[in-house]
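# Residue-level structure breakdown
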Amino acid sequence: MRVLKYAILGLLEQEKQTGYDIAAAFKGALGQFWSAKHSQIYPELKKLVAEGLIEYETVIQGEKLEKKLYSLTVSGEAELKEWMQRLEALDVSHKDEFMLKTFFISSMEKEEAKELFTNQLNSRKRKLDGLMRTLAELEAECGSKHIHFSSPDFGHYLVLTRAIEREKGYLQWLERSLQFMD
Ligand code: FER
């Protein structure tokens, strides 16, 4: 399935934007869990225009730089809505290279295995730190108000808290596995 298609439709549902803005969104929060390169984004935009799911108006930016400002068409909105409501089967395709190595760990020396796990532990601690910092920023932006379903950041909040729970669990498992190796 072309999931990138829906990522772009979702971004354009939030607001009209240029290809540059869309590419920038993939460098932000979205790109932390759904990555896409420029070389994928621009052809996808072209395809979506050809399919009538998005359209653009040409606008002048700065002196005379022409930019395409993309927006959803009515059928693009319908397609996004259909995808959002579709109940997908559990995704087993989460490819985790570290899990692949873990699966084959008996081919390693114990000290090598411990190094591999310690390295993963340190990387994931840093990742968790970054996630907690982003969450603190998000909460600070909200001020005293609590995040709720209709907050503009609600989706970002859910994605972040999910990632934090996952990393905490991952760290616990890494620590337990390291103890197990002793
Ligand atoms: C963010 C949103 C999501 C972010 C990280 C994520 C550090 C990570 C998600 C994941 O790993 O599932 O703003 O910033």
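Structural data are supplied above this passage.
Since we're looking at a predicted model, the values are computed, not measured. (Residues numbered from 1 in each chain as written. Predicted model: local features only at pLDDT ≥ 70, side-chain atom pairs only at ≥ 80, totals over all residues. Heavy atoms only, no water.)

### A closer look at the pairing of strand β2 (residues 54-61)
Pairing between β2 and strand β3 (residues 65-72): eight bridges, direction antiparallel. When the bridges of β3 are listed, T58 appears paired with K68. Connecting β2 to the antiparallel partner β3 that follows it, the hairpin turn spans three residues, and G62 within it adopts a positive phi of roughly 65 degrees. (Pairing = 2+ DSSP bridges. Helix = DSSP H or I, 4+ residues; strand = E, 2+ residues; numbered from the N terminus.)

### Regarding the sheet that holds strand β1 (residues 17-18)
Spatially, β1-β3-β2 is the arrangement adopted by the three strands of the open sheet, whose pairing is antiparallel. The sheet is open, and its two edges are formed by β1 and β2, each paired on a single side. Lying on the sheet, helix α1 (residues 3-14) is in contact with β1, β2 and β3; it crosses β3 at an angle near 95 degrees. (Contact = heavy atoms within 4.5 Å. Axes fitted to C-alpha atoms, helices over the stretch in contact; angles between N-to-C directions.)

### Some thoughts on the site of the ligand
In the region of the ligand, the neighbouring residues are A29, Q32, F33, K127, L131, T134, H156, V159, L160, A163 and R166. Within the side chain of K127, one N or O atom sits 3.0 Å away from an oxygen atom of the ligand. Interatomic distance of 2.8 Å between a side-chain N/O atom of R166 and an oxygen atom of the ligand. Elements supplying a minimum of two residues to the shell around the ligand: α6 (110-141) and α7 (154-181). With five residues, the single largest contributor to the shell around the ligand is α7. (Near = heavy atom within 4 Å. Polar contact = N/O pair within 3.5 Å; in protein donor to acceptor, adjacent residues only side chain to side chain.)

### Remarks on the packing of aromatic side chains
Summed over all chains, the structure comprises eight aromatic pairs. Centroid distance F98 to F117: 5.0 Å. Interplanar angle 55 degrees. Geometry classified as tilted. Pair noted here: F98 is in helix α5 (residues 97-103) and F117 is in helix α6, with a separation of 19 residues, a long-range link. The exposure class of F98 is buried, given its relative accessible area of 7%. Overall, F117 belongs to the buried group, its relative accessible area being 2%. Between F103 and F104 the ring centres are 5.3 Å apart and the planes differ by 75 degrees, which places this aromatic pair in the edge-to-face class. Clustering of aromatic rings is evident, with ring pairs tying together F98, F117, Y170 and W173. Across from the ring centre of Y56, 5.0 Å away, lies the NZ or CZ of K68, which sits over that ring. (Phe/Tyr/Trp six-rings, centres within 6.5 Å; stacked < 30°, edge-to-face > 60°. Buried < 20%, exposed > 50% of the residue type's maximum accessible area, 1.4 Å probe, protein only. Lys NZ or Arg CZ within 6 Å of the ring centre and 35° of its normal.)

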